[in-house]
Amino acid sequence: MRGEFILVSDKHTDASFLIHHFLSFYLRAGCKVCFLGLVQSFSHYSAISQRLGVSLTQAREKGQLVFLEGLKESLGVLLQGEASKGTRAVDFLRDPSSGLRGLYDFVRDNVRGGGGGEEWGPPVLLVDDLSVVLSLGVSVGAALDFSHYCRATVCSKLQGSMVMLVRCEEEEEEEESDEGSERLLRGLIHQCSLTLQVQGLPTGYCRDIHGQVEVCWRGQCDGQQTQKKLFQYKVHDKGASFFARGTSSAVL
Amino acid sequence: MAAPRRSVGKPTSDRLPCNTTSFQKKSRSKLVSIPGTRPSVQNGQLIVSTGVTSLDYVIGGGLAVGTLLLIEEDRYDSYSRMLLKYFLAEGVVCGHELYVASALDHCNDILQELPAPILDDIASPKTVEDQAKSCDPESQEAMKIAWRYQHLPKVQTALASSSRFGHYYDVSKTMDPEICQAARCHGFYLPEHSTAVTSPTTTGPMSETYSSLLNNLQEVIHREGFDGSVPQTKSRNILRIGLHSLGSALWGDDLCCRENPSHGRALTTFLYGLRAMLRSSLSVAVVTVPSHLIQVRVCAVH
């Protein structure tokens, strides 16, 4: 799983369970993780990871996990404006037209294995979630540039992995979808190597099946075919289980 | 059970149905017991009642502390305003502190319009002399017929103890002023504050009015200690935040007026800041937005 860019997207549902899974998976595997938590507080992820058997506080203290608390940093910027002395990572709040350069610099500085201390595995970048910057005024192009730069640094140069979550809204059948989450998704699909598209069941709510995941391996440049598979999933207290369509334990 | 071929080991991920707060139980024995709240049966989060018990049921027991409930207003802001009033009334009955922001009404006006709680009949044991004095002749007569019940204590209505979760309200009556006075309320009435916007800090994508509201809210939270800044001697309480009609033209936001608003992201940025503030304090917010007036598709309102 080296050098992979995994894109997780959801529509009308919540795919953050996959982010929690990847976070605890990579931490357990001993990789150096850089997590951009833009939509929830650190204690939220920490509480869930606790249930999955990983302690985020310990990982952060040991230096294995670098966590950007997007909410906390942003609040500092929003309240004090120019006078705030927070990290430059959330500079896009001060001036959305400047793009995500500050965020990329943060990633670049933190994703390398730190000198001294323990040696960790290949670096991993997790972003939860990227579409929130669109509602804060950043353009789709800037977000795509950011993911492109991150991929070049993390996946190509450092042979690490990247997982990004993008959330979409209902899209009316319009020609010009200039509001961007759909456009962002399409742009990112072209950049990534593995797509996990999470949706609710098309037939409606079901207690035993929480939704479906379409897994799509994109062909690399040597002419491999893209393969798609559809699975259904159910989220439990300590994980999620995936199964082929129609083979839910509730049905069989 | 089929699993994706390149599945990443044992699938172990989790998902909480709602956003959690930044407060967690440190140990099983030390439970945060704030009046008017209780832990959710589904995931143990601290929840409060919205004031409407059927709405509580629909959203899974109640509103989690540290979260935000966004209500899209109906055409004339009749039911959404009513929901906001229920929310605030519930805060008064439970003894929570209130924060009300509106560009249209002063917070005192809003407080006067709160629905009256339907009070429990609590039997208060009164001595026989008191009973004899307070009974009027008609009831004395009635006691002659129902003489078996004469010795029972006289029933008095009193404010239901806040140990109950979720109260019922009588919308045809307004809340007693005495009960309202007992509640601590912080208000933000935009016409009073617009002249006080002094700082020329560039607020980025957020407009000045939202910025001043956010600053005011942060100041109240910090001063009253809802973010934990006050030491433990003061008993903990919840701050109920009611923001009326955000995004409307009265807030200086032209989101509802034009197809290409100048600050198209002002409201979403404000909500992002509000979320950050809620996650780090013991507060609950209800926001009403006149979304039927918004012509531009606003991206990803969380």
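Residues numbered from 1 in each chain as written. Chains lettered and ligands numbered in written order. Predicted model: local features only at pLDDT ≥ 70, side-chain atom pairs only at ≥ 80, totals over all residues. Heavy atoms only, no water.

**Description of the overall build of chain A**
Thinking step 1. Looking only at helices and strands, chain A has eight helices and nine strands in total.
Thinking step 2. By the burial criterion, 57% of the 252 residues in chain A qualify as buried.
Thinking step 3. For chain A, restricting intrachain contacts to residue pairs at least 6 apart in sequence, the fraction spanning at least 24 positions comes to 64%.
Thinking step 4. Counting only carbon and sulfur atoms, one obtains 47% of the accessible surface of chain A, whose full area is about 11,000 Å². (Helix = DSSP H or I, 4+ residues; strand = E, 2+ residues; numbered from the N terminus. Buried < 20%, exposed > 50% of the residue type's maximum accessible area, 1.4 Å probe, protein only. Contact = heavy atoms within 4.5 Å. Areas by Shrake-Rupley, 256 points an atom, 1.4 Å probe, with all protein chains shown as cover.)

**Details of helix α2 (residues 42-52) of chain A**
Residues and elements named next belong to chain A.
Thinking step 1. For α2, the tally of buried residues reaches eight of eleven residues, placing the bulk of the element in the interior.
Thinking step 2. What α2 keeps buried is the set Phe 42, Ser 43, His 44, Tyr 45, Ser 46, Ile 48, Ser 49 and Leu 52.
Thinking step 3. In this structure, the buried residues of α2 make contact with α1 (16-28), β2 (31-37), α3 (56-62), β3 (65-69), β4 (121-128) and β9 (239-244).
Thinking step 4. Of the residues one or two after α2, Gly 53 is the one with positive phi, at around 95°.

**Description of the pattern of salt bridges**
All names here are of chain A.
Thinking step 1. Under the counting rule described, the total for this entry stands at 17 salt bridges over all chains.
Thinking step 2. Close ionic contact of Arg 167 with Asp 14 constitutes a salt bridge, the shortest N to O distance being 3.6 Å. Here Asp 14 lies in the loop between β1 (5-11) and α1 and Arg 167 lies in strand β5 (residues 161-168), a separation of 153 residues in the sequence.
Thinking step 3. Since its relative accessible area comes to 30%, Arg 167 is described here as partly exposed. (Salt bridge = Lys/Arg side-chain N within 4 Å of Asp/Glu carboxyl O.)

**Topic: the packing of helix α6 (residues 101-111) of chain A against helix α7 (residues 140-157) of chain A**
A pair of packed helices is captured by two measures, namely the crossing angle of their axes and the spacing between those axes.
Residues and elements named next belong to chain A.
Thinking step 1. Contact pair α6 / α7: the axes reach a minimum separation of 10 Å and the direction vectors enclose 15°. On the basis of the axis angle, α6 is roughly parallel to α7. For the pair α6 and α7, the sense of crossing is right-handed. Counting all contacts with α6, which are made through Leu 103, Tyr 104, Val 107, Arg 108 and Val 111, the residues of α7 involved are Phe 146, Tyr 149, Cys 150, Thr 153 and Val 154. (Axes fitted to C-alpha atoms, helices over the stretch in contact; angles between N-to-C directions. Parallel < 35°, antiparallel > 145°, perpendicular 65-115°, else oblique. Left-handed = near helix turned anticlockwise from the far one by under 90°.)

**Focus: helix α2 (residues 79-94) of chain B**
Thinking step 1. In this model, α2(B) (16 residues) spans 22 Å end to end at C-alpha, consistent with the 22 Å of a helix rising 1.5 Å per residue.
Thinking step 2. Gly95(B) lies just past α2(B) and shows a positive phi near 85°. (Expected span 1.5 Å × (residues − 1).)

**What to know about unusual backbone geometry**
Phi is mostly negative for residues that are not glycine, and the peptide bonds are mostly trans.
Thinking step 1. Of note, the bond from Asp128(A) into Asp129(A) is cis; its omega dihedral lies within 30 degrees of zero at -20°.
Thinking step 2. Here His12(A), not a glycine, exhibits a phi torsion of approximately 65°, which is positive.
Thinking step 3. Structurally, His12(A) is set in the loop between β1 and α1.
Thinking step 4. Given a relative accessible area of 56%, His12(A) falls into the exposed group.
Thinking step 5. Located in the positive-phi region is Asp77(B), a residue other than glycine, with phi close to 55°.
Thinking step 6. Its place among the elements puts Asp77(B) in the loop between β4 (68-72) and α2.

**A few points about the environment of Ser9(A)**
All names here are of chain A.
Thinking step 1. Within the secondary structure, Ser 9 is located in strand β1.
Thinking step 2. Between the C-alpha atoms of Ser 9 and Ser 97, which are 88 residues apart in sequence, the distance is 25 Å.
Thinking step 3. If near-sequence neighbours (up to four positions away) are discounted, Ser 9 is found in contact with Ala 15, Val 166, Leu 185, Leu 196, Gln 197 and Val 198.

**Regarding the sheet that holds β4(B)**
Residues and elements named next belong to chain B.
Thinking step 1. Reading across the sheet, the five strands line up as β4-β12-β11-β5-β10 and stay open at both edges, with parallel pairing between neighbours. For this open sheet the edge positions go to β4 and β10 (185-189), each flanked by a neighbour on one side alone. Geometrically, the sheet is characterised by an average inter-axis angle of 10° between neighbouring strands, direction not taken into account.
Thinking step 2. Pairing of β4 with strand β12 (residues 283-289) involves five bridges; the strand directions are parallel. Within β12, the position partnered with Glu 72 by the bridge is Val 289. (Pairing = 2+ DSSP bridges.)

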